[in-house]
Amino acid sequence: MQPIDFIEAKSLKAKPQDISNVSFGKLFTDYMFEMDYAPEKGWHGAKILPYAEIALAPSNATLHYGQAVFEGMKAFRSKEGAVRVFRAEDHLNRLNNSNRILDIPQIDVAFVKKALFKLLELEKDWVPSLKGSSLYIRPFIFATDEYLGVGVSKTYKLMIILSPVSAYYVNGFAPVKIMVEDKYVRAVRGGLGEAKTPANYAASLHAGSEAHKKGYDQVLWLDGVEHKFIEEVGSMNIFFKINGEIVTPALNGSILSGITRKTVLEIAKKWGYPTSERRLSIEEVCEAYDEGKLEEVFGSGTAAVISPVGELLYKDKKMLLNDGKVGEFSQKIFDYVADLQTGVETDSFGFFEKIA
Ligand SMILES: *Cc1c(COP(=O)(O)O)cnc(C)c1O
């Protein structure tokens, strides 16, 4: 394996006194990791260096054509004080899947994982200990060719930056209002939907703003062809509890294969709930609601883990779920994962790896 160079910071930042006052994604730790790709050298130049701005040519290919991918994962502090990272290998394997879709060279998952663990060990004092808080880990790769021609870049940069974050629900675990989007689409099968890439977010921003204006927190996307089948929420997968069964849309190429989605399915199965990954139409959801069988709706993603949905709007149909309160299953799995994070629950699944 290639060596990882280290450039020491001249001074270190003050760590937050109270993590619950820190807003998401604005504060970064002292160090970051980077390495570059060139055709003749492969991935090279691995180093851990002080977090700082980077210089880019105005002709940088990513700024114009968006050839980039990213990941989002977390490290937690257990009640014993250990630093443990959640499903790092799954996240890095998914980064490679995004690379494949965007025509970016594959990374050596074992090497990047080693580099990440080294960075986390160096930055372990930044991992907050308050329940629900964590150190958010953002690996990303972008094209670095200085060239305005449209084409696959020859060179790339991979970086990992770290950001301490408070619990997602600082003011309690509250349900969100979701608008089912029947006009705009985020991704289509055969497109980039299965990749974690900036383009999918760019495609979603305008619809999100319109939903906000109507008083909704996020949009639920339908399939891009018929506007009939449920896909996912902005940065979350979606689950429905219908007549006792935990249902989520099957991975079809146009939605992201969420690690939290996979985690929810694994836990629900272990608990003995019937689960299914299948095609689910918005009509079926509306019918289940009318028949009183739509018991709970919740989103799943790294940021919130579980995001209960209190209201779902589809065209003129307003569906109030569970009296706007958090459902029983949503609460149970949210509490369980929070206890896995702090080590109050034993990690019988092998989700966590200890750094220090
Ligand atoms: C990251 C992301 C998710 C959630 O994935 P997790 O691995 O659970 O964090 C869902 N949908 C989209 C579009 C995403 O980018």
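So, how was this worked out
Residues numbered from 1 in each chain as written. Predicted model: local features only at pLDDT ≥ 70, side-chain atom pairs only at ≥ 80, totals over all residues. Heavy atoms only, no water. Near = heavy atom within 4 Å. Polar contact = N/O pair within 3.5 Å; in protein donor to acceptor, adjacent residues only side chain to side chain. Areas by Shrake-Rupley, 256 points an atom, 1.4 Å probe, with all protein chains shown as cover. Nonpolar A, V, L, I, M, F, W, Y, C, P; charged D, E, K, R; others polar. Helix = DSSP H or I, 4+ residues; strand = E, 2+ residues; numbered from the N terminus. Buried < 20%, exposed > 50% of the residue type's maximum accessible area, 1.4 Å probe, protein only. Contact = heavy atoms within 4.5 Å. Expected span 1.5 Å × (residues − 1). Pairing = 2+ DSSP bridges. Domains from an automatic or database assignment. Buried area = accessible area lost by both parts, 1.4 Å probe. Salt bridge = Lys/Arg side-chain N within 4 Å of Asp/Glu carboxyl O. Axes fitted to C-alpha atoms, helices over the stretch in contact; angles between N-to-C directions. Parallel < 35°, antiparallel > 145°, perpendicular 65-115°, else oblique. Core = buried A, V, L, I, M, F, W, Y, C linked by side-chain atoms within 4.5 Å.

### Let's talk about the site of the ligand
Close to the ligand lie 16 residues; Lys196, Tyr201, Glu232, Thr260 and Thr302 are nearest. One of the backbone nitrogen or oxygen atoms of isoleucine 259 is found 2.8 Å away from an oxygen atom of the ligand. Contact between the ligand and threonine 260: an oxygen atom at 2.6 Å from a side-chain N or O atom of the residue. Contact with the protein chains hides 98% of the accessible area of the ligand, taken as 380 Å² for the molecule alone. Residue composition of the shell around the ligand, by class: four nonpolar, eight polar and four charged.

### Describing the side chain of glutamate 34
Along the chain, the position of glutamate 34 falls in strand β2 (residues 31-38). Judged by its relative accessible area of 8%, glutamate 34 falls in the buried class. Among the polar contacts listed, one links the side chain of glutamate 34 to the side chain of lysine 157, at a separation of 3.4 Å. In contact with glutamate 34, other than residues within four places in its own chain, are Gly45, Ala46, Lys47, Leu49, Lys157, Leu158 and Met159.

### With respect to helix α3 (residues 109-122)
Over its 14 residues, α3 extends 20 Å from the first C-alpha to the last, a length consistent with the 20 Å expected when each residue adds 1.5 Å. Taken together, the buried positions of α3 are Val109, Phe111, Val112, Lys113, Ala115, Leu116, Phe117, Leu119 and Leu120. Capping of α3 at its N-terminal end is provided by aspartate 108; its side-chain oxygen lies 3.1 Å from the backbone amide nitrogen of alanine 110.

### Here's the deal with the environment of aspartate 290
As for its position among the elements, aspartate 290 is in helix α7 (residues 282-290). On the basis of relative accessibility, which here comes to 55%, the residue aspartate 290 falls in the exposed class. Only 2.7 Å separates the side chain of aspartate 290 from the side chain of lysine 317, close enough to count as a polar contact.

### Some thoughts on the pairing of β2
Side chains on a regular strand alternate between the two faces of the sheet. Burial analysis of β2 places eight of its eight residues in the buried class, the great majority of the element. By the alternation rule, side chains of β2 split into Tyr31, Phe33, Met35 and Tyr37 and Met32, Glu34, Asp36 and Ala38, which are all buried. Here β2 runs beside strand β3 (residues 42-50); their pairing, made up of seven bridges, is antiparallel. Paired with tyrosine 31 across the strands is proline 50, a residue of β3.

### Let's talk about the domain arrangement of the chain
If you check the domain split of the chain, you get domain 1 (5-165) and domain 2 (176-341). Across the contact, 25 residues belong to domain 1 and 21 residues belong to domain 2. Roughly 1,800 Å² of surface becomes buried between domain 1 and domain 2 when both sides are summed, with 57% attributable to carbon and sulfur atoms. In terms of surface lost to domain 2, no three residues of domain 1 exceed Phe70, Arg87 and Arg94, which account for 31% of the buried area on that side. Seen at the junction of domain 1 and domain 2, the total is four salt bridges. A salt bridge links lysine 262 to aspartate 90; the shortest N-O distance between them is 3.4 Å. Linking domain 1 with domain 2 are 13 residue pairs in polar contact (both at pLDDT 80 or more), by the criterion used here. Those elements that provide at least two residues to the side of domain 1 that touches domain 2 are β4 (68-70), β5 (73-77), β6 (83-86) and α2 (88-102). The element best represented in the side of domain 1 that touches domain 2 is α2, accounting for eight residues.

### Section: the packing of helix α6 (residues 259-270) against helix α8 (residues 328-342)
The contact between α6 and α8 brings their axes to 11 Å, and the two run at 105°. The angle between the axes of α6 and α8 places the two elements in the roughly perpendicular class. Where α6 approaches α8, its residues Val264, Ile267 and Ala268 are matched on the opposing element by Phe329, Ile333, Tyr336, Val337 and Leu340. A breakdown of the residues in the contact of α6 with α8 according to their chemical character gives eight nonpolar, no polar and no charged.

### Focus on the side chain of lysine 241
Among the secondary structure elements, lysine 241 is positioned in strand β12 (residues 237-242). Its relative accessible area of 13% is what places lysine 241 among the buried residues. What lysine 241 contacts, discounting residues up to four positions off in sequence, is Ile246, Tyr273, Lys293, Leu294, Glu295, Glu296 and Phe329.

### Describing the nonpolar core
Core analysis: the largest hydrophobic core is formed by 41 residues, its most contacted members being Phe33, Leu120, Ile137, Ile141, Leu158 and Ile160. If you list the elements that add at least two residues to this core, you get β2, β3, β5, β6, α2, α3, β7 (134-143) and β8 (156-165). When neighbours within four sequence positions are excluded, isoleucine 141 is seen to be in contact with Trp43, Gln67, Ala68, Val69, Leu95, Asn99, Ile104, Ile107, Tyr156, Lys157 and Leu158. Counting residues in hydrophobic clusters, the runner-up holds 24 residues, among them Val176, Val180, Ile242 and Leu294.

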